[in-house]
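Residue strings, one per chain:
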Amino acid sequence: MFLTQNTLKSSQHLRLSAWLEHGPFAFWLMQQLQPENVVELGTHHGFSFLSLCQAAKQNNLTSHIYAVDTWRGDAHAGFYGDEIFDTLEAEVQRDYPQTGFLIRSTFQEARSQFADGTIDLLHIDGRHRYEDVLEDFETWRGTLSNRGVILFHDTQVQTQDFGVWKLWADIAKDYPSFEFHHGNGLGVLVVGKNAPAPIMALCAAGPEDAALTRSLYARLGLINSIEYQLTFGPQNLKELEEQCHLLTEDRDRVARASELKDTRLAALQIERDEACARASQLDALIEQMRSSSSWRLTKGYRWAGHQLRRARHVAKVASSLIRRHGGLGRAASRLIAKLRREGPQGIFSTWRRAQEIAAVSMPIDSGDGQVYLEWLAKYASLDDDGRQAIRQEIAGWHNRPLISIVMPVYNPPLELLQQAVESVKAQLYPHWELCIADDKSTDREVRKYLKQLRATDDRIKVTFRRVNGHISEASNTAIDMATGEWIALLDQDDLLTQDALFYVAREILGREDVKLIYSDEDKFDGVKRYDPYFKPDWNPDLLRSCNYVCHLGVYRRDRIREIGGFRKGLEGSQDHDLVLRFSEGLTPGEIAHIPRVLYHWRSHSGSTAQSASNKSYAVRAGQRAIQDHLKRLSVPGTVEILPTSMYRVRYSLPEVLPLVTIVIPTRNGVDLLRQCIDSIRTKTSYANYEILIVDNNSDDPRTMAYFAQVQAQANVKVVRDERPFNYSQLNNSAVRSASGAFIVLMNNDIEVISEDWLSEMMGIAIQKGVGVVGARLWYPDNRLQHGGVILGIGGVAGHSHKYLPKGGPSYFSRGDLIQSLTAVTAACLLVRKSIYEEVGGLDEERLKVAFNDVDFCIRVREAGYRNVWTPYAELYHHESATRGHEDTPEKMRRFQGEAEYMLGRWKHILNRDPAYNPNLTLEHEDFSLAWPPRNEGDPTLAS
């Protein structure tokens, strides 16, 4: 009933879009509704809009289809220029000049162009917050005709600030409706009383028919996704061919080696057969890709699904192995080295290990949170034995600090308030008091509950304020009630884990000098936990970008009173302001981070947990809090609000700019070097710099001619170093002769993107306590190459968010925020010359080529400085373009020795990077979950 021949037609405008999988339903809906006027609110690249236009054309309809969008972008879609609009406009003019029309305006401005009762189909897919979608629905509902249908996209997305799902839940019960669950969810709402019978039948479908319909359209939609992926066929095919070639070479080496090892012949034969089978699978996959132009419905869903699953498995394992080893070339080099060093068994163990990692290292999911729930079930299940172990440990403590939990209250949903209080009463650590200050709530049930509460537990104190003073004053009232040495902050609708205060008290007892303690946190929607925030240790630069400390925050009471408690006028960001003021003057050793989720942030409509933009006043208050913080520290700079509701500090430069020496070692590679130098000279707004090129045995005539040409410029110098290649030695020698007070170490394969790259880095480098400053480096295809260095990944170190597409979402925006990191890459770093010399520069004896930057940064950090990474200094990195990869026996021996040195020298920190979190993986560079986490098990590995 709900499937026609039109549904099976191919989509002609495939592109990256969450709407790809709804194209077939659009064809069916247009055929049944035959609308005169269609309006789409939110179009972006235009797949859904063009699908509607295609459906009108193939059904010979005279529909007028309007796309309303500013085509400027937003925080959800990212911001962009005119290129997307121009491309779409040209496409519409070419294919649908009489059908499709683009209206470049806001939704509110466009409303007046449509009379009431004139629109048959309305597609709402622009803004995604609850209140925004509700506003669009209420504003445009009057335009719907008596046949009118509304489509809501993203009804299944319940993360970040998306609220479509909640609006759908509110209104779907009031109208005939139907919801598809695939492709982020698509809701079909019939508001017209005379909608066509097939559409009404769809909304009235029974459970079996509805399930069958959803399944059919999910499978049909999958074809669009597969066909879109196949547009990358040539590129993917080449990568698979390279991987297959590598595996085939390994297979041949195994065969030859097996002939020489008679004593292991039987075992090797079995392992060789396994390797041959894997290579054959890749061969078969490549052959199938070559012989098939696309996967059609007529080819069978089961066959397509089977092949896709098999390809995903092989690609997942191979991609994991290649990514962890730094690319296909490096992976091949290391496999060859392993074959020579360990024989065939080494190859097979590598492959088996890659399979194990691919199987267990799962990302934190952005959909239903199932992966996180499975992780919690495996590592955070606190049973009766665990509770008893905690109670026994507490019983053995001679000193049990009293922790005062401060809770300001104003008209909360009573059920949520009750749950918050119960989470306190359920604490395994019993030495607490709950200090509640009611800020003159008008809800009688809330006041009645609070009055009764005092009689239930003598550890609970309640006071009723006579006037409403808002959250800061109410919190201060609660603090005045506290008698404990420590203050813990709890919102009126949030929850503590039952072991929260146990871990806090243990931290207090274990560190006599500690004054501030904070934990990790996640969100709770009333049913399940999701969206865990596994935080770094103390990170003052990240704190100037966002309030990452947040919950659970525990503070010494005496210091809170010294600084005057919460400040009135900072409501909405009062916690951020408090931690900024509280931490000023503290040393890192006086601040403790507990890497466990001890706090569940309640997510509901209007809560800041669901979206900071739900409380826009909070964002402005946060800006003021950071600006005041800079002023108190006499740090000149300005604070900007980012589209993500987080912050960027622009540090001011002095009137007299310090001289910066940019050191660039090179050997030949004139084209790359020229590109690097030209980009510096034409795209650098910071005026006072010099370039010092270190020529390490160049012999190319074109390169030598370029040296003669470029050093004729006033601020460029070329020095010759004829010693064998030693990256550390080359840079150390150059730094000694540098005139600048600040040094930039830069590879010759760097290309400047942002003109203020050096101004940005210098603004940070001149700040008190800053050591090394790193930049954000992109591959030429606009995937992230360097978002900072995370220790321990892959053994020694890896790059944060490597391969993240430009504009793509990073872990709690850490790929887009200034932050303290343990290390950054020397492909482009900035440091004071005095600090460089203080720690002895790069290690030219033990780390001639690899890991010298990581070692250098760790030594700078241990000397008492903090290293900072900024995303606002952007450059391209054409990685290892002139020196190549570690692909000779000598290079591999040297690399192995350098890795072993790092593992021995820095073992204590490689497995516990302060800028990372033990609940996050060391197998990948994407901040996915660690299986298992690297916490001490007391009695669980997580909370």
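Residues numbered from 1 in each chain as written. Predicted model: local features only at pLDDT ≥ 70, side-chain atom pairs only at ≥ 80, totals over all residues. Heavy atoms only, no water.

Within an unreviewed UniProt entry, the label attached to the chain reads Glycosyltransferase, and the organism entered is Rhizobium straminoryzae.

(A) Structural view of the overall build of the chain. For the chain, the count of helices and strands is 31 helices and 32 strands. Counting every position in the chain, which comprises 943 residues, the buried fraction comes to 56%. Residue pairs at least 24 apart in sequence account for 78% of intrachain contacts in the chain once pairs closer than 6 positions are excluded. Working note: accessible area of the chain is about 39,000 Å², and carbon and sulfur atoms make up 50% of it. (Helix = DSSP H or I, 4+ residues; strand = E, 2+ residues; numbered from the N terminus. Buried < 20%, exposed > 50% of the residue type's maximum accessible area, 1.4 Å probe, protein only. Contact = heavy atoms within 4.5 Å. Areas by Shrake-Rupley, 256 points an atom, 1.4 Å probe, with all protein chains shown as cover.)

(B) Examining the pattern of salt bridges more closely. Summed over all chains, the structure comprises 51 salt bridges. Close ionic contact of Glu-473 with Arg-465 constitutes a salt bridge, the shortest N to O distance being 3.1 Å. Residue Glu-473 is classed as partly exposed on the basis of its relative accessible area, which comes to 26%. For Arg-465, a relative accessible area of 15% translates into the label buried. Close ionic contact of Arg-667 with Asp-699 constitutes a salt bridge, the shortest N to O distance being 3.6 Å. In this pair, Arg-667 is assigned in the loop between β21 (660-666) and α24 (670-683) and Asp-699 in the loop between β22 (689-695) and α25 (701-710), connecting sequence segments 32 residues apart. (Salt bridge = Lys/Arg side-chain N within 4 Å of Asp/Glu carboxyl O.)

(C) Spatial organisation of the packing of helix α16 (residues 414-425) against helix α17 (residues 444-453). Close contact between α16 and α17 brings their axes to 10 Å; oriented N to C, the two are set at 25°. Our classification of the angle between α16 and α17 gives roughly parallel. Crossing angle aside, the handedness with which α16 passes α17 is right-handed. Along the contact surface, α16 presents Leu-414, Leu-417, Gln-418 and Val-421, while α17 presents Glu-445, Val-446, Tyr-449, Leu-450 and Leu-453. Taken together, the residues of the contact of α16 with α17 sort by class into seven nonpolar, one polar and one charged. (Axes fitted to C-alpha atoms, helices over the stretch in contact; angles between N-to-C directions. Parallel < 35°, antiparallel > 145°, perpendicular 65-115°, else oblique. Left-handed = near helix turned anticlockwise from the far one by under 90°. Nonpolar A, V, L, I, M, F, W, Y, C, P; charged D, E, K, R; others polar.)

(D) Looking closely at the packing of aromatic side chains. Tallied over the entire structure, the rule returns 29 aromatic pairs. Relative to Phe-152, the ring of Phe-137 lies with its centre 5.9 Å away and its plane at 55°, an arrangement referred to as tilted. Of this pair, Phe-137 sits in helix α5 (residues 130-140) while Phe-152 is found in strand β7 (residues 144-153), placing the two residues 15 residues apart along the sequence. Judged on exposure class, the residue Phe-137 and its partner Phe-152 are both buried. An angle of 25° between the planes, with centres 5.3 Å apart, marks the rings of Tyr-811 and Phe-927 as stacked. (Phe/Tyr/Trp six-rings, centres within 6.5 Å; stacked < 30°, edge-to-face > 60°.)

(E) Focus on the pairing of strand β15 (residues 516-524). Extensive coverage of β15 is indicated by the burial of nine of its nine residues. Where β15 lies against strand β17 (residues 553-556), three bridges are found, and the strand directions are antiparallel. By the bridge assignment, Ile-517 is partnered in β17 with Val-554. Sheet topology note: the β15/strand β18 (residues 591-602) ladder contains nine bridges and is parallel. Among the inter-strand pairings, Lys-523 is bridged to a residue of β18, identified as Trp-601. Pairing analysis gives three bridges linking β15 to strand β16 (residues 529-533), with the strands arranged antiparallel. Looking at the pairing, Lys-523 lines up with Tyr-530 of β16. Hairpin connection, β15 to β16: the antiparallel pair is bridged by four residues, and Gly-526 has positive phi, about 100°. (Pairing = 2+ DSSP bridges.)

(F) How the structure looks around the confidence of the model for the chain. Overall, the predicted model of the chain reaches an average pLDDT of 86, with 82% of residues at or above 70. Here residues 293-311 is a poorly scored stretch, pLDDT under 50, and it has 25 contacts once near neighbours within four places are set aside; other chains count. Contacts from residues 356-367, a stretch scored under 50 in pLDDT, to residues over four places away or in other chains number 31 contacts. (pLDDT = per-residue confidence, 0-100.)

(G) Broad picture of the sheet that holds strand β2 (residues 64-69). Reading across from one edge, β5-β2-β1-β6-β7-β9-β8 is the order of the seven strands in this open sheet, with mixed pairing throughout. A strand with exactly one partner marks an edge of an open sheet, and here the two such strands are β5 (100-104) and β8 (177-180). Strand-to-strand twist across the sheet, computed as the mean angle between neighbouring axes with direction ignored, equals 15°. The pairing of strand β1 (residues 37-41) with β2 spans five bridges and is classified as parallel. Across the sheet, the residue bridging to Asn-37 is His-64, located in β2.

(H) Geometry of unusual backbone geometry. Here the residue pair His-551 and Leu-552 is connected by a cis peptide bond, since its omega of -10° sits within 30 degrees of zero. For Leu-552, the location among the structural elements is in the loop between α20 (540-543) and β17. Between Trp-931 and the following residue, Pro-932, the backbone shows a cis peptide bond with an omega angle of 5°. Here Pro-932 lies in the segment after α31 (907-910). For Lys-440, which is not glycine, the phi torsion reads 60° and is therefore positive. Residue position: Lys-440 is located in the loop between β11 (432-438) and α17. Using a relative accessible area of 41% as the deciding quantity, one classes Lys-440 as partly exposed. The residue Asp-531 is not glycine, and still its phi comes out positive at about 55°. Here Asp-531 shows up in strand β16. The partly exposed category is assigned to Asp-531, whose relative accessible area is 25%.

(I) Up close: the environment of Asp-695. Following the sequence through the fold, Asp-695 ends up in strand β22. Expressed as a C-alpha distance, the spacing of Asp-695 and Pro-665, which sit 30 residues apart in the sequence, is 6.1 Å. Not counting the four nearest positions on each side in its chain, Asp-695 is found in contact with Thr-666, Met-704, Phe-707, Val-718, Val-719, Arg-720 and Asp-721. Within the local environment of Asp-695, its side chain forms a polar contact with the side chain of Arg-720, the two groups lying 2.5 Å apart. (Polar contact = N/O pair within 3.5 Å; in protein donor to acceptor, adjacent residues only side chain to side chain.)

(J) Spatial organisation of the pairing of strand β26 (residues 770-778). Among the nine residues in β26, nine count as buried, and that is most of the element. Note: β26 against strand β31 (residues 828-832), three bridges, orientation antiparallel. Across the sheet, residue Val-772 finds its bridge partner in β31, namely Val-831. Pairing geometry for β26 and strand β27 (residues 784-786), over two bridges, is antiparallel. Bridge pairing in β27 links Leu-777 to His-786. Connecting β26 to the next strand, β27, in antiparallel fashion are five residues, including Asn-782 with a positive phi near 65°.

(K) Molecular detail of the nonpolar core. Counting 140 residues, the largest nonpolar core has Val-660, Met-746 and Trp-757 as its most contacted members. For this core, the leading source of residues is helix α27 (residues 757-765), giving six residues. For this core, the two domains that each supply at least three residues are domain 2 (394-645) and domain 3 (658-883). For Val-660, the contacting residues outside a window of four places in its chain are Tyr-686, Asn-688, Tyr-689, Glu-690, Phe-742, Val-744, Leu-758, Met-762 and Leu-830. Counting 44 residues, the second-largest nonpolar core is a separate cluster that includes Val-421, Ala-505, Cys-550 and Leu-552. (Core = buried A, V, L, I, M, F, W, Y, C linked by side-chain atoms within 4.5 Å. Domains from an automatic or database assignment.)

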